[in-house]
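So the chains spell out like this:
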Amino acid sequence: MSLLKVDEARARILTHFEPIGTETLPLAKCARRVLATNVAARNDLPSFDNSSMDGFAVIASDLADAVPASPRTLNVVADIPAGTSPDVTLAPGQAARIMTGAPMPKGADAVIPVEETDFQDRSPGTLAPKSVAIYKALKAGDYVRAQGTDVQTGQPVLQSGHKLRPQDLGLLAMLGVADVPVYRKPQVALLSSGDELVPVEAPLRPGKIRDSNTYTLSALLEEAEVEVLNLGIAADRRESVEELLEKAATQNVDLILSSAGVSVGAFDFIKDVVEAQGELTFWRVNMRPGKPLAFGKFKGIPFIGLPGNPVSAFVGFEVFVRPALERLSGLETISRPRVRVRLAESLSSDGRESYLRADVHEENGILCAHLAGHQGSGNLLSIVQANALLIIPAGVKSLAAGKDVDAWLL
Ligand code: AMP
Ligand code: MG
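Residues numbered from 1 in each chain as written. Chains lettered and ligands numbered in written order. Predicted model: local features only at pLDDT ≥ 70, side-chain atom pairs only at ≥ 80, totals over all residues. Heavy atoms only, no water.

Q: Can you tell me about the nonpolar core, naming the residues and giving the values?
A: Ranked by internal contacts, the top residues of the largest apolar core, which has 38 residues, are I13, L257, I304, F317, F320 and L325. Counting residues per element, the ones that place at least two in this core are α1 (6–14), β12 (187–193), α3 (213–223), β16 (255–259), β19 (292–298), β20 (301–306), α6 (310–329) and β25 (388–392). Considering each element in turn, this core owes the most residues, ten residues, to α6. Within the second largest apolar cluster, 20 residues are counted, among which are A234, A248, L280 and F298. (Core = buried A, V, L, I, M, F, W, Y, C linked by side-chain atoms within 4.5 Å. Buried < 20%, exposed > 50% of the residue type's maximum accessible area, 1.4 Å probe, protein only. Helix = DSSP H or I, 4+ residues; strand = E, 2+ residues; numbered from the N terminus.)

If you want it as structure tokens, here you go:
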């Protein structure tokens, strides 16, 4: 049986995923959520001409000849703290004390910073002087933040499908967007399977191992802004698998994710149970680790069955599950961009598309990759010691030190 290309397997999976709907949330709840609408500015930023310094609003032409030895003295006719709205209009020879962020008075076209005047007191409560001597000439527009220089009304500022970052929330706040349409968080049911597995708090008996995939996959899902329905461990019995999958279906989750039981033979219950209420195909993907993969639908809900080996499950998540979650979440940008890194040592591969665990760090401005630990698919320490997955293309059997390869930084 020929092996399925990684890209082909991923493309087949992705045809079954679409963004799952939207909800409107208060802005403060929107960090890391995916925007579900394009946003255009509802107002200019700044929304009025204002001072960028503590100083005096002036008419620039009044100060044409001002120099330290021969300052120009202006009458101070108003005091404009931030948050007020001045009603004065400056006439030639006049100035207004003004604070950073306060609106420019009519007639004024520049601000002279307080440091360039004989009035340098900025302690709280100090009253404005009657007059001020100014030591320096300036141009119209100096130290004025003109309305609309940052953003203009109607300008597109954020696109649907963008994951909202702290600075995006700040911009939305400035634009008065209090309620934000975002994509709903996908709900994913997670199960581990195998009679050998016991939860972390249970004693280890002969032949048993601790379930690691539940913890790793659950954390990966949560990091991807997904709500996790943790189903626990399915025993290698039909009724056990049935019971957990039914629970996932009752909750109407967007994806059922399992690990183990997808290699040849042994664990047939997932296949039977899923097929009885939908469809399931086992694939052999041309990749290492993580060749076996199952994909199907249980009662209409997409089902992805990752391999059981912890490293294979981790890699399978990155290669197949993360892109599916991005689709479900409405994300338009990929959350794991590829970067180029330089091999610090030579490596060999078996010709399958390989995801090697590596430690990548900067040396003299170049990202250099050292393989992390033993590369077997059960070697959990290799992913713990790694901060990157090197992506070695199919067909490549060896690479010399100094070659550049693609990598995902974890
Ligand atoms: P399987 O896919 O069922 O053949 O399992 C492959 C290997 O992964 C076996 O050595 C299992 O014991 C191991 N394994 C399966 N599930 C888990 C899990 N949740 N945590 C840790 N190891 C697991
Ligand atoms: Mg098993």
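Q: Kindly report on the packing of helix α4 (residues 238–250) against helix α5 (residues 269–276), identifying the contributing residues and their values.
A: In contact at an axis separation of 9 Å, α4 and α5 are set at 50 degrees when each is read in the N-to-C sense. Overall, the two elements α4 and α5 adopt an arrangement that is oblique. Of the two possible hands of crossing, α4 and α5 adopt the one that is right-handed. On the side of α4, the interface is formed by R238, V241, E242 and L245, while α5 contributes F269, I270, D272, V273 and V274. Considering only residue class, the contact of α4 with α5 consists of six nonpolar, no polar and three charged. (Axes fitted to C-alpha atoms, helices over the stretch in contact; angles between N-to-C directions. Parallel < 35°, antiparallel > 145°, perpendicular 65-115°, else oblique. Left-handed = near helix turned anticlockwise from the far one by under 90°. Contact = heavy atoms within 4.5 Å. Nonpolar A, V, L, I, M, F, W, Y, C, P; charged D, E, K, R; others polar.)

Q: Describe the layout of surface pockets, with residues and values.
A: The space that makes up the largest pocket amounts to roughly 360 Å³. Along its surface, the largest pocket is lined by 19 residues, and L14, P323, E326, T333 and I334 are the ones closest to its centre. Sorting the residues of the lining of the largest pocket by element identifies α1 and α6 as the ones contributing at least two each. A total of five residues in the lining of the largest pocket trace back to one element, the largest contributor, which is α6. Among the residues making up the lining of the largest pocket, the classes are represented as eight nonpolar, two polar and nine charged. (1 Å grid on protein atoms, 1.4 Å probe; cavity = no way out; pocket = protein on both sides within 12 Å on 5 of 7 lines; lining within 4 Å. Points joined across faces, edges and corners; volume = space filled by probe spheres on them.)

Q: Tell me about the pairing of strand β5 (residues 72–80), and please be specific about residues and values.
A: Of the pairings in the sheet, the one linking β5 to strand β8 (residues 131–134) comprises four bridges and is antiparallel in character. The residue bridging T73 from the neighbouring strand is A133, located in β8. Bridge count for β5 against strand β6 (residues 94–98) is five bridges, and the pairing is parallel. Bridging across to β6, I80 finds its partner in I98. (Pairing = 2+ DSSP bridges.)

Q: Before we move on, could you go through the site of ligand 1 and cite the residues and values that matter?
A: Not every one of the 14 residues close to ligand 1 is listed here, only the nearest: E196, D211, S212, G261 and G308. Take E196: an N or O atom from its side chain is 2.6 Å from an oxygen atom of ligand 1. One of the side-chain nitrogen or oxygen atoms of D211 is found 2.8 Å away from a nitrogen atom of ligand 1. Here ligand 1 has 480 Å² of accessible area as a free molecule, and 75% of this is covered by the chains. Within the shell around ligand 1, the residues separate by chemical class into four nonpolar, seven polar and three charged. (Near = heavy atom within 4 Å. Polar contact = N/O pair within 3.5 Å; in protein donor to acceptor, adjacent residues only side chain to side chain. Areas by Shrake-Rupley, 256 points an atom, 1.4 Å probe, with all protein chains shown as cover.)

Q: Break down the environment of N379 for me, with residues and values.
A: Following the sequence through the fold, N379 ends up in the loop between β24 (366–371) and α7 (380–385). Classification of N379 by relative accessible area gives partly exposed; the value is 29%. As for N379 and E279, which are separated by 100 residues in sequence, their C-alpha atoms are 32 Å apart. Filtering out sequence-adjacent residues up to four positions away, N379 remains in contact with V311 and H374. For N379, the side chain forms a polar contact with the side chain of H374, separated by 3.0 Å.

Q: Outline the sheet that holds strand β7 (residues 110–113), supporting the account with residue identities and numerical values.
A: Across the sheet, five strands lie side by side as β7-β4-β6-β5-β8; this open sheet has mixed pairing. In this open sheet, the two edge strands, each paired with only one partner strand, are β7 and β8. Within this sheet the neighbouring strands show an average axis-to-axis angle of 40 degrees, counted without direction. With three bridges connecting them, strand β4 (residues 55–58) and β6 associate as antiparallel partners. Along β6, the bridge assignment pairs G55 with I98.

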